[in-house]
Amino acid sequence: MLKRIQSALFSVLEKRKFLSDEEMYKYVLMLSVTIVAGSVHIMFSIFFAVTGCQPLAVSHTVGVAIFLLACLMITQGIYDGAGIIVSIMIALSTFSTIFFIGGDNYSIFYLITVLLMLLTVPFSNRIISICGGVLMPLLMVAAHFLDALHTPIYSIGKANETLTVLNILINSFGATTMLSIDKFVRSFVDRFQKQQMQELQDQAYLDPLTGLYNRRYGDAHFENLSIRPQQGSVYMGMADIDDFKLVNDTYGHDAGDATLKLVSHIFQSNTRKTDPVFRWGGEEFLLVIHNVTEEEAFQLFEKIRHKVEETVISHEEDQFRVTITIGMGRLDTNAIPKSLDYCDQKLYEGKHSGKNVVVR
């Protein structure tokens, strides 16, 4: 459940990733408080409707609509206004509950929760927090006198005991939440920001069309290999789609893109996750296979070449096939450019010897 809530909040924040850290903090904090308050009002509107106190059922339903308005204000960046509305609505709900059914059910505790909220939320205008800090204790005194001097209009019988338990539980949760929410929300925003940074890094290293690693990531990968050489031999295959220009000229560039994506899928589905595949440029790809012998690498590249050859590519009303040529060689981590040049030369040989072949 928590993972689903986090995922939902991440989706909401995705649309507001342009916000500063502090604005994002206010956004998550105020939205969380408002959604919780609105959910509590939904529960109480149902509770009072079932227990026969229609005025409170109606007032809490109206409160839900006002909390929705507050959520809309938050999405527009009107955090102070939304905080004031939420505070006023909870206070009004407290006084209306005491007026209609009395205050022996601890409804007055909600004013303490509001006070904690006003002192926790970082309002842009500190006067709001100061006024709230002064006003809420005065309202508690007023609520106490209202309960003592006023005769309730409705009686909900034994349901008042249930209401007492609910009020104690909700306010205990609310107070605990307000005392710890600052650390929680900042931690949540920090996780979101780190995820965004990771996604940006991934995007910088991924080819947008094929989803393969790009050449920039390839350079970083080889630099890492040169610093920390792998145990066992590493083989590379420089692959190129044969007569790719003819595909574009005959079927159009969309068909060419479909070809690149399908061939990329074949590369990925026939190699291990530990063996990166790069779109090296245009219709050229580089496959890096770890911990294999030369024969094992050759057989793998032959398998991939054969799968590409036998795959029918469908695009709109057209169907066609393509082939690939692969030049392979062993990777020397002490001479990576030379190893890449060797694979490139073997690819060149394959192109001039008839194509659709693996050359080693």
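These figures come from a predicted structure and were not determined experimentally.

About the cut-offs
- Residues numbered from 1 in each chain as written.
- Predicted model: local features only at pLDDT ≥ 70, side-chain atom pairs only at ≥ 80, totals over all residues.
- Heavy atoms only, no water.
- Pairing = 2+ DSSP bridges.
- Helix = DSSP H or I, 4+ residues; strand = E, 2+ residues; numbered from the N terminus.
- Contact = heavy atoms within 4.5 Å.
- Axes fitted to C-alpha atoms, helices over the stretch in contact; angles between N-to-C directions.
- Buried < 20%, exposed > 50% of the residue type's maximum accessible area, 1.4 Å probe, protein only.
- Parallel < 35°, antiparallel > 145°, perpendicular 65-115°, else oblique.
- Nonpolar A, V, L, I, M, F, W, Y, C, P; charged D, E, K, R; others polar.
- Patch = residues over 30% accessible without salt bridge, like charges linked within 9 Å, V, L, I, M, F, W, Y side chains within 5 Å.
- Areas by Shrake-Rupley, 256 points an atom, 1.4 Å probe, with all protein chains shown as cover.
- Salt bridge = Lys/Arg side-chain N within 4 Å of Asp/Glu carboxyl O.
- Lys, Arg positive; Asp, Glu negative; His and termini not counted.
- Charge placed at Lys NZ, Arg CZ, Asp CG, Glu CD.

Undergrad: Teacher, can you tell me more about the sheet that holds strand 6 (residues 324-330) here?
TA: Within a sheet, adjacent strands bond to each other through the backbone by hydrogen bonds, running parallel or antiparallel. Overall, mixed pairing links the five strands, which are arranged 2-3-1-6-7 in an open sheet. Of all strands in the sheet, those with a lone pairing partner are strand 2 (277-281) and strand 7 (358-359), marking the two edges. For strand 2 and strand 3 (residues 284-290), the ladder comprises four bridges, and the chain directions are antiparallel. Residue pairing across strands places Gly281 opposite Glu284, the latter belonging to strand 3. The strands touched by helix 11 (residues 294-310) are strand 1 (234-241), strand 3, strand 6 and strand 7; relative to strand 6, the strand with the most contacts, the crossing angle is about 170°.

Undergrad: Is there a simple way to think about the side chain of His221 in this case?
TA: The topology assignment puts His221 in helix 8 (residues 215-227). A relative accessible area of 14% means that His221 is categorised as buried. Beyond its immediate chain neighbours, meaning those up to four positions away, His221 contacts Pro276, Phe278, Val288 and His290.

Undergrad: Before we go on, may I ask you to explain the packing of helix 3 (residues 54-75) against helix 4 (residues 79-101) in this structure?
TA: If you want to describe how two helices pack, look at the angle between their axes and the distance between the axes. Direction vectors running N to C along helix 3 and helix 4 enclose 175°, while the axes themselves pass 9 Å from each other. Classed by the angle they form, the pair helix 3 and helix 4 counts as roughly antiparallel. Mapping the contact onto sequence places Pro55, Leu56, Ser59, His60, Gly63, Ile66, Phe67, Ala70, Met73 and Ile74 in helix 3 and Tyr79, Gly81, Ala82, Ile85, Val86, Met89, Ile90, Ser93, Ser96, Thr97, Phe100 and Ile101 in helix 4. Each residue belonging to the contact of helix 3 with helix 4 can be placed in one class, and the counts come to 15 nonpolar, seven polar and no charged.

Undergrad: Hey, could you run me through a negative patch on the surface in this one?
TA: Together, Asp254, Asp257, Glu316 and Glu317 line one region of the surface with negative charge. Relative to the assigned elements, Glu317 resides in the loop between strand 4 (313-315) and strand 5 (318-320).

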